[in-house]
Amino acid sequence: MAQYSGQERFPTSFEMVNDGAGRDAAGVNVGLEALADRTLFLRNVGFRRVAFWSYDDQTSFRSWAFNSTTYSPNFTFPNDWVVTVPNTRVGDIIMVDASAFFNADSTFAFWKIGATDNFTGGGTETLTPGLMRLGGGAQMWATFTTLHTVAVAGITRIRLLGRYEGSLNAGFSAAASGVLRAALFRSSGSSE
């Protein structure tokens, strides 16, 4: 017997044993290997994993402050509002959503999601489509969702970014509690 873990490919056809064929390993290995390859391929297509960050402490109040005129992460708790998705491939799609109670003590405040492909290899952060906007001292609970298509394989970092326009008073923040989630979807056309 030999161990075979499969190769991630999807053979479109393969040979099967004919009636009356001689009984030997070569007669059945091709078909079994093809089925093992397909099984591995199908396992790795579609939804892969979720990267998740949350803060839901009900006994204390926490505020993540932003104070930049360009999109930057919060500076009070820099390791919060960040998730990493390992083993991404070119063509993978990452669906991201963020939920929080947002506060804007500026003329206008904006929040977006930043994505860095190949994060540990020196990748560059890009802004994903969509945003959340508040202005003039407003406060509200909001959830916004976006998609990111992986351009460079490796580890992809996702994080919440904020910036303001106009005058800034006390600051602007994501406050009280929050959730940042990233779900990875792998299509059959993504690179191997």
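What this report covers is the structure whose coordinates are included nearby. Bear in mind that the values here come from a model prediction, so they are computed numbers and not experimental data. (Residues numbered from 1 in each chain as written. Predicted model: local features only at pLDDT ≥ 70, side-chain atom pairs only at ≥ 80, totals over all residues. Heavy atoms only, no water.)

## So, the nonpolar core
For step 1, the next point in the chain: Membership of the largest hydrophobic core comes to 31 residues, with the highest contact counts inside it found for Trp81, Phe102 and Trp111.
For step 2, the next point in the chain: Per-element accounting of this core gives the leading share, ten residues, to strand E4 (residues 93-116). (Core = buried A, V, L, I, M, F, W, Y, C linked by side-chain atoms within 4.5 Å. Buried < 20%, exposed > 50% of the residue type's maximum accessible area, 1.4 Å probe, protein only. Helix = DSSP H or I, 4+ residues; strand = E, 2+ residues; numbered from the N terminus.)

## Observations concerning the side chain of Asp117
For step 1, the next point in the chain: Tracing the backbone shows Asp117 in the loop between E4 and strand E5 (125-127).
For step 2, the next point in the chain: Polar contacts involving the side chain of Asp117 include one to the main-chain amide nitrogen of Ala151, which spans 2.8 Å.
For step 3, the next point in the chain: Not counting chain neighbours up to four residues away, the residues in contact with Asp117 comprise Gly123, Thr124, His148, Thr149, Val150, Ala151, Val152, Ile155 and Thr156. (Polar contact = N/O pair within 3.5 Å; in protein donor to acceptor, adjacent residues only side chain to side chain. Contact = heavy atoms within 4.5 Å.)

## A closer look at the pattern of salt bridges
For step 1, the next point in the chain: Under the criterion given, the structure shown has six salt bridges.
For step 2, the next point in the chain: Between Arg181 and Asp97 there is a salt bridge whose closest N-O contact spans 2.8 Å. With a gap of 84 residues between them, Arg181 in strand E8 (residues 154-186) and Asp97 in strand E4 connect regions that are remote in the sequence.
For step 3, the next point in the chain: Of the charged contacts, one joins Arg163 and Glu165 as a salt bridge, the two residues approaching to 2.9 Å between their closest N and O atoms.
For step 4, the next point in the chain: Judged by relative accessible area, which is 17%, Arg163 ranks as buried.
For step 5, the next point in the chain: For Glu165, a relative accessible area of 35% puts it in the partly exposed group. (Salt bridge = Lys/Arg side-chain N within 4 Å of Asp/Glu carboxyl O.)

## Remarks on the side chain of Arg186
For step 1, the next point in the chain: In this fold, Arg186 is placed in strand E8.
For step 2, the next point in the chain: Of the polar contacts made by the side chain of Arg186, one reaches the backbone oxygen of Asn87; its length is 3.0 Å.

## A short note on unusual backbone geometry
For step 1, the next point in the chain: Despite not being glycine, Asn87 shows a phi value in the positive range, around 55°.
For step 2, the next point in the chain: Examined against the element boundaries, Asn87 turns out to sit in strand E3 (residues 82-88).

## Points about the packing of aromatic side chains
For step 1, the next point in the chain: On inspection of all chains with the given rule, the structure shows ten aromatic pairs.
For step 2, the next point in the chain: On the basis of an interplanar angle of 45° and a centroid distance of 4.7 Å, the ring pair of Trp53 and Trp81 is categorised as tilted. A residue pair is termed long-range when its members are at least 10 positions apart, and Trp53 in strand E1 (residues 46-55) and Trp81 in the loop between strand E2 (63-66) and E3 qualify at 28 residues. Of the two residues, Trp53 and Trp81, neither departs from the other in class, the shared state being buried.
For step 3, the next point in the chain: Every member of this aromatic cluster is reached through a ring pair, and the members are Phe66, Phe102, Trp111, Phe144, Tyr164 and Phe172.
For step 4, the next point in the chain: The ring of Phe77 is capped by Arg62, whose NZ or CZ atom sits 3.5 Å from the centre of that ring.
For step 5, the next point in the chain: A cation sits over an aromatic face here: Arg163 above Phe110, 4.5 Å from the ring centre. (Phe/Tyr/Trp six-rings, centres within 6.5 Å; stacked < 30°, edge-to-face > 60°. Lys NZ or Arg CZ within 6 Å of the ring centre and 35° of its normal.)

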